[in-house]
Amino acid sequence: DAKTTQPNSMESNEEEPVHLPCNHSTISGTDYIHWYRQLPSQGPEYVIHGLTSNVNNRMASLAIAEDRKSSTLILHRATLRDAAVYYCIQFNAGGTSYGKLTFGQGTILTVHP
Amino acid sequence: DGGITQSPKYLFRKEGQNVTLSCEQNLNHDAMYWYRQDPGQGLRLIYYSQIVNDFQKGDIAEGYSVSREKKESFPLTVTSAQKNPTAFYLCASTSGEGGEAFFGQGTRLTVV
């Protein structure tokens, strides 16, 4: 099964950049890397995803290692609203588990004013 | 507006009763998913479906059943065989091809 490894928690100060790491050593060539975040008692919110190249959007940047076995979600200037649980996921886009979207435990991000 | 809707938001049932949670999407997505989340834990996959009339077990399917008779709908039944049904249940959908997943706001089921 597709498993990712993330630190349990991280802390940041407001307006500073945050780098959230993720290891996905079992990733296959057709697996996408997705990031979501979740506030208490809400459904997860999509942040960003990529396959091989680095990706940018209005929320964040995703840096993918050349061997694709790790990635980093970058929040360029953390705000208090960015405090959430962040999940890194391998999205199986091929093979016997096609379409399987499996979450790990995530990283609890605390942002200090 | 397009989206994914779960109902009801809160649900109470007596032990031993089956209960069905609703999930509807108007995003024209092919794939739909059901997750369970316990306090302080991550999401665990119960069932997922890539197309109508087909679905696969996730990591914790025991005690649950699903159907996918329509593209827009993926109801989850929590049966009396599920030993600890009290949890937060989340439904999601994707267009496939590795794209973004959209989540509902969840149903909090309490069995007493």
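Residues numbered from 1 in each chain as written. Chains lettered and ligands numbered in written order. Predicted model: local features only at pLDDT ≥ 70, side-chain atom pairs only at ≥ 80, totals over all residues. Heavy atoms only, no water.

> Even after reading the chapter, I still don't get the environment of Leu80(A), so can you show me in this structure?
All names here are of chain A. Looking at the secondary structure, you find Leu80 in the loop between strand S7 (70-75) and strand S8 (84-91). Exposure remark for Leu80: the relative accessible area of 42% places this residue in the partly exposed category. Apart from residues lying up to four places away in sequence, Leu80 is in contact with Glu14, Val111, His112 and Pro113. (Helix = DSSP H or I, 4+ residues; strand = E, 2+ residues; numbered from the N terminus. Buried < 20%, exposed > 50% of the residue type's maximum accessible area, 1.4 Å probe, protein only. Contact = heavy atoms within 4.5 Å.)

> How should I be thinking about the interface of chain A and chain B in this particular structure?
A common way to express how large an interface is: the accessible area buried when the components associate. With 22 residues of chain A at the interface, the matching set in chain B holds 22 residues. Buried surface at the junction of chain A and chain B, summed over both partners, amounts to about 1800 Å²; 51% is from carbon and sulfur atoms. Here chain A and chain B share 1 salt bridge between them. Across the pair Asp59(B) and Lys100(A) runs a salt bridge, and its minimum N-O distance is 3.2 Å. Put simply, the parts of the chain that give the side of chain A that touches chain B at least two residues each are strand S3 (32-38), strand S4 (45-50) and S8 of chain A. (Buried area = accessible area lost by both parts, 1.4 Å probe. Salt bridge = Lys/Arg side-chain N within 4 Å of Asp/Glu carboxyl O.)

> Can you walk me through the side chain of Arg36(B) in this structure?
With respect to the element layout, Arg36(B) can be found in strand S4 (residues 31-37). Separated by 3.5 Å, the side chains of Arg36(B) and Gln82(B) make a polar contact. (Polar contact = N/O pair within 3.5 Å; in protein donor to acceptor, adjacent residues only side chain to side chain.)

> Even after reading the chapter, I still don't get the sheet that holds strand S2 (residues 18-23) of chain A, so can you show me in this structure?
Backbone hydrogen bonds are what pair the strands of a sheet, in a parallel or an antiparallel way. Residue and element names in this part refer to chain A. Strand order in this open sheet of 4 strands is S2-S7-S6-S5, and the pairing throughout is antiparallel. The sheet is open, and its two edges are formed by S2 and strand S5 (55-56), each paired on a single side. Where S2 and S7 come together, 6 bridges link them in antiparallel fashion. Bridging across to S7, His19 finds its partner in Ile74. (Pairing = 2+ DSSP bridges.)

> Would you mind showing me how to read empty space enclosed by the protein here?
Think of a ball as big as a water molecule: rolled over the atoms, this probe shows where empty space is left. Overall, the coordinates contain 1 cavity of 30 Å³ or more when judged by the stated rule. The residue makeup of the lining of the largest cavity, split by class, is 5 nonpolar, 6 polar and 1 charged. (1 Å grid on protein atoms, 1.4 Å probe; cavity = no way out; pocket = protein on both sides within 12 Å on 5 of 7 lines; lining within 4 Å. Points joined across faces, edges and corners; volume = space filled by probe spheres on them. Nonpolar A, V, L, I, M, F, W, Y, C, P; charged D, E, K, R; others polar.)

> Looking at this structure, how should I read the layout of surface pockets?
As a volume, the largest pocket reaches approximately 440 Å³. In terms of lining residues, the largest pocket is bounded by 22 residues, among which Gln38(A), Val85(A), Gln37(B), Gly40(B) and Gln41(B) are the most central. At 3 residues, the largest contribution of residues to the lining of the largest pocket is made by S8(A).

> Just to check I follow, could you spell out the state of the cysteines for this structure?
Working definition of a disulfide: a covalent bond connecting the sulfur atoms of two cysteines. Applying the stated criterion to the full structure yields 2 disulfides over all chains. Across a sulfur-sulfur distance of 2.0 Å, Cys22(A) and Cys88(A) are joined as a disulfide pair. Judged by the torsion about the S-S bond (-80°), the Cys22(A)/Cys88(A) disulfide is left-handed. Separated by 66 residues along the polypeptide, Cys22(A) in strand S2 and Cys88(A) in strand S8 bring together distant segments of the chain. Accessibility assignment for this pair places Cys22(A) and Cys88(A) in one class, buried. The disulfide bridge from Cys23(B) ends at Cys91(B), spanning 1.8 Å between sulfur atoms. Taking the torsion about the S-S bond as the criterion, the Cys23(B) to Cys91(B) disulfide, at about -75°, is left-handed. Linking Cys23(B) in strand S3 (residues 19-25) with Cys91(B) in strand S9 (residues 87-94), this pair joins segments that are 68 residues apart in sequence. Its relative accessible area of 0% is what places Cys23(B) among the buried residues. What makes Cys91(B) buried here is its relative accessible area of 0%. (Disulfide = S-S within 2.5 Å.)

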